[in-house]
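# Notes for the structure review
So the chains spell out like this:
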Amino acid sequence: MKKVVKFGGSSLASAEQFKKVGNIIRSDEGRRYVIPSAPGKRFDKDTKVTDMLYACYEKAENGEDFSGELSAIEARYQEIIDGLELSMTLKPDFEVIARDFREKKGRDYAASRGEYLNGRIMAEYLGYEFIDAAQVIFFDENGSFLADLTNERLSARLKSVERAVIPGFYGSRTDGTICTFSRGGSDVTGSIVAKAIYADMYENWTDVSGFLVTDPRIIENPAVIETITYRELRELSYMGATVLHEDAIFPVRREGIPINIRNTNRPEDRGTLIVESTCRKPRFTITGIAGKKGFAALNIEKDMMNSEIGFGRKVLQVFEENQVAFEHMPSGIDTMTIFVHQSEFEEHEQNIMAGIHRAVEPDSLELEADLALVAVVGRGMKSNRGIAGRIFSALAHANINIKMIDQGSSELNIIIGVRNEDFENAIKAIYDIFVTAQL
């Protein structure tokens, strides 16, 4: 079995955490390709190494003395090296970094050094080959990822390598300069490597025991999702649920490679398995609940709207002309409601409303602000009757007024609109009826 294992910053923040990671990797012969992040926080008020590098480079960019900041970063790595009792030294690497900072090689270069240096330590600690991501992961001059070129070069490079450490988060442009993915991009690197070697599994190790049914800031100790499909994950991620960098899904999804979200501090937990599709029945009727605040709704009324050809297109064209995207568009016979992000809409609201008046001559326009959307997602909803009714009942019992309900044709999700102030209580009410009641 071939596994790619990615470890997040909290999993590699100290020598103690490195030892946990080493034990995890050595406990399974299949864990052959390792993607490390930069060291994260060791304790609550600590600073991530990536943030330290950004601050250090900012001083270099402004022509200020940055030696103190760079020494502090070197000390963080030396602490890990000493704790692992390794004989290696990173002094030559830091001399190169100091020179490159003085030459102002760029913020992407500065940020990438966190993963690069951690990768060097990890390779030494495990006895694996170190492969600089800049040699195998490529971007064009505009910073767009070159998937085909990367897959070709990476596959060829790893073909003869049994075990390797490839730092996450960065690669290089065609001119050799360093380019990074967005924050959390080590997840993407792991996915790219898994695709290149046709891995049997991509394990993503972090500080939680999998994907949670809902936000732990709203529900204390929410249940863990045992198995989730890519489509369900996409729905929940779009509505704000985060564990995995969204771009990390696509390379492995195309190859049918499952992702396992695991907890470095609780390796005995099975975590969450993310798959293309599955016969496994979900533990609960729903898979997850997620949502966002900060929406506005524009309600358009016009008699005989449904018989007016092109009505919807004309309305949406007004939004397009004002560069405002819409989120949802529930409609009735003579009504249409457009949900938009309030922060984007406010700047253009008068132009949009005037444009709609001119385009379709509505009987009335009503605008409502400070709304939230809650998504209830689950493949199990398709085979269970009365899901919407149970949601209505739970929200009514919690004295929450529903502003909108929209169910996708796939029956995979139901979107509910509520007031911002009812957002947390709505999630609690839905969680209680679908999860707590089934525990």
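Scoring rules and cut-offs
Residues numbered from 1 in each chain as written. Predicted model: local features only at pLDDT ≥ 70, side-chain atom pairs only at ≥ 80, totals over all residues. Heavy atoms only, no water. UniProt positions renumbered as here; feature names shortened; annotations may be inferred. Axes fitted to C-alpha atoms, helices over the stretch in contact; angles between N-to-C directions. Helix = DSSP H or I, 4+ residues; strand = E, 2+ residues; numbered from the N terminus. Parallel < 35°, antiparallel > 145°, perpendicular 65-115°, else oblique. Left-handed = near helix turned anticlockwise from the far one by under 90°. Contact = heavy atoms within 4.5 Å. Nonpolar A, V, L, I, M, F, W, Y, C, P; charged D, E, K, R; others polar. Buried < 20%, exposed > 50% of the residue type's maximum accessible area, 1.4 Å probe, protein only. Salt bridge = Lys/Arg side-chain N within 4 Å of Asp/Glu carboxyl O. Pairing = 2+ DSSP bridges. Right-handed = clockwise from strand over helix to strand, strands pointing away. 1 Å grid on protein atoms, 1.4 Å probe; cavity = no way out; pocket = protein on both sides within 12 Å on 5 of 7 lines; lining within 4 Å. Points joined across faces, edges and corners; volume = space filled by probe spheres on them.

The name that an unreviewed UniProt entry assigns to the protein chain is Aspartokinase, with the source organism given as Candidatus Limivivens intestinipullorum. UniProt's Function (unreviewed entry) comment on the protein chain is quoted here verbatim: "Catalyzes the phosphorylation of the beta-carboxyl group of aspartic acid with ATP to yield 4-phospho-L-aspartate, which is involved in the branched biosynthetic pathway leading to the biosynthesis of amino acids threonine, isoleucine and methionine." In its Catalytic activity (unreviewed entry) section, UniProt records this for the protein chain: "L-aspartate + ATP = 4-phospho-L-aspartate + ADP".

Right, let's get into the packing of helix α3 (residues 67-83) against helix α4 (residues 91-102). The angle between the axes and the distance between the axes are what describe a pair of packed helices. At a minimum axis distance of 11 Å, the contact between α3 and α4 shows a crossing angle of 155°. Judged on the interaxial angle alone, α4 and α3 are roughly antiparallel. The two elements α3 and α4 cross, and the hand of that crossing is right-handed. Contacts from Leu70, Ile73, Glu74 and Tyr77 in α3 reach Lys91, Phe94, Ile97 and Ala98 in α4. Here the contact of α3 with α4 is built from residues that sort into 6 nonpolar, no polar and 2 charged.

What follows covers the side chain of Glu232. Mapped onto the elements, Glu232 comes out in helix α8 (residues 230-238). The class of Glu232 is buried, set by a relative accessible area of 0%. Beyond its immediate stretch of four places on either side in the chain, Glu232 contacts Thr287, Val377, Gly378, Arg379 and Leu412.

For the structure shown, the criterion picks out 28 salt bridges. The salt bridge partner of Arg253 is Glu276, with a shortest N-O separation of 3.5 Å. Placement of Arg253 in helix α9 (residues 249-255) and of Glu276 in the loop between β11 (272-275) and β12 (288-301) is noted, with a sequence separation of 23 residues between them. You can call Arg253 partly exposed: its relative accessible area is 26%. Between Glu268 and Arg266 there is a salt bridge; the shortest N-O distance is 3.9 Å. For Glu268, a relative accessible area of 56% puts it in the exposed group. Residue Arg266 is classed as partly exposed on the basis of its relative accessible area of 41%.

For strand β1 (residues 3-7), a buried count of 5 out of 5 residues is recorded, marking the element as mostly surrounded by other parts of the structure. The two faces of β1 match: Lys3, Val5 and Phe7 on one face and Val4 and Lys6 on the other face are all buried. Across 5 bridges, β1 lies against strand β8 (residues 201-206) in parallel orientation. From the neighbouring strand, Lys3 faces β8, where its bridge partner is Met201. Summarising the sheet, β1 and strand β2 (residues 31-36) pair through 5 bridges and their orientation is parallel. Among the inter-strand pairings, Val4 is bridged to a residue of β2, identified as Tyr33. A crossover links β1 with its parallel partner β2, the connecting element being helix α1 (residues 15-26), and its sense is right-handed.

Take empty space enclosed by the protein next. Taken as a whole and judged by the stated rule, the model has 1 cavity of 30 Å³ or more. Here the largest cavity is characterised by a volume of approximately 40 Å³. If you trace the largest cavity, you find it lined by Glu74, Tyr77, Gln78, Ile81, Thr89, Leu90, Lys91 and Phe94. For the lining of the largest cavity, the elements supplying multiple residues, two or more each, are α3 and α4. If you tally residues by element for the lining of the largest cavity, the top one is α3, at 4 residues. The class makeup of the residues in the lining of the largest cavity is 4 nonpolar, 2 polar and 2 charged.

Glancing now at the sheet that holds strand β4 (residues 138-139). Spatially, β4-β6-β7 is the arrangement adopted by the 3 strands of the open sheet, whose pairing is mixed. The sheet is open, and its two edges are formed by β4 and β7 (178-180), each paired on a single side. Sheet topology note: the strand β6 (residues 170-173)/β7 ladder contains 3 bridges and is antiparallel. Opposite Tyr170, over in β7, you have Thr180 as the bridge partner.

With that settled, consider the layout of surface pockets. Counted as a void, the largest pocket has a volume near 1,300 Å³. Around the largest pocket, the lining comprises 46 residues; the ones closest to its centre are Thr206, Asp207, Thr242, Val243 and Leu244. Put simply, the parts of the chain that give the lining of the largest pocket at least two residues each are α7 (186-196), β8, β12 and α14 (423-434). Counting residues per element, the lining of the largest pocket draws most heavily on β12, which supplies 3 residues. Considering only residue class, the lining of the largest pocket consists of 19 nonpolar, 17 polar and 10 charged. Put simply, the second largest pocket is a space of about 420 Å³.

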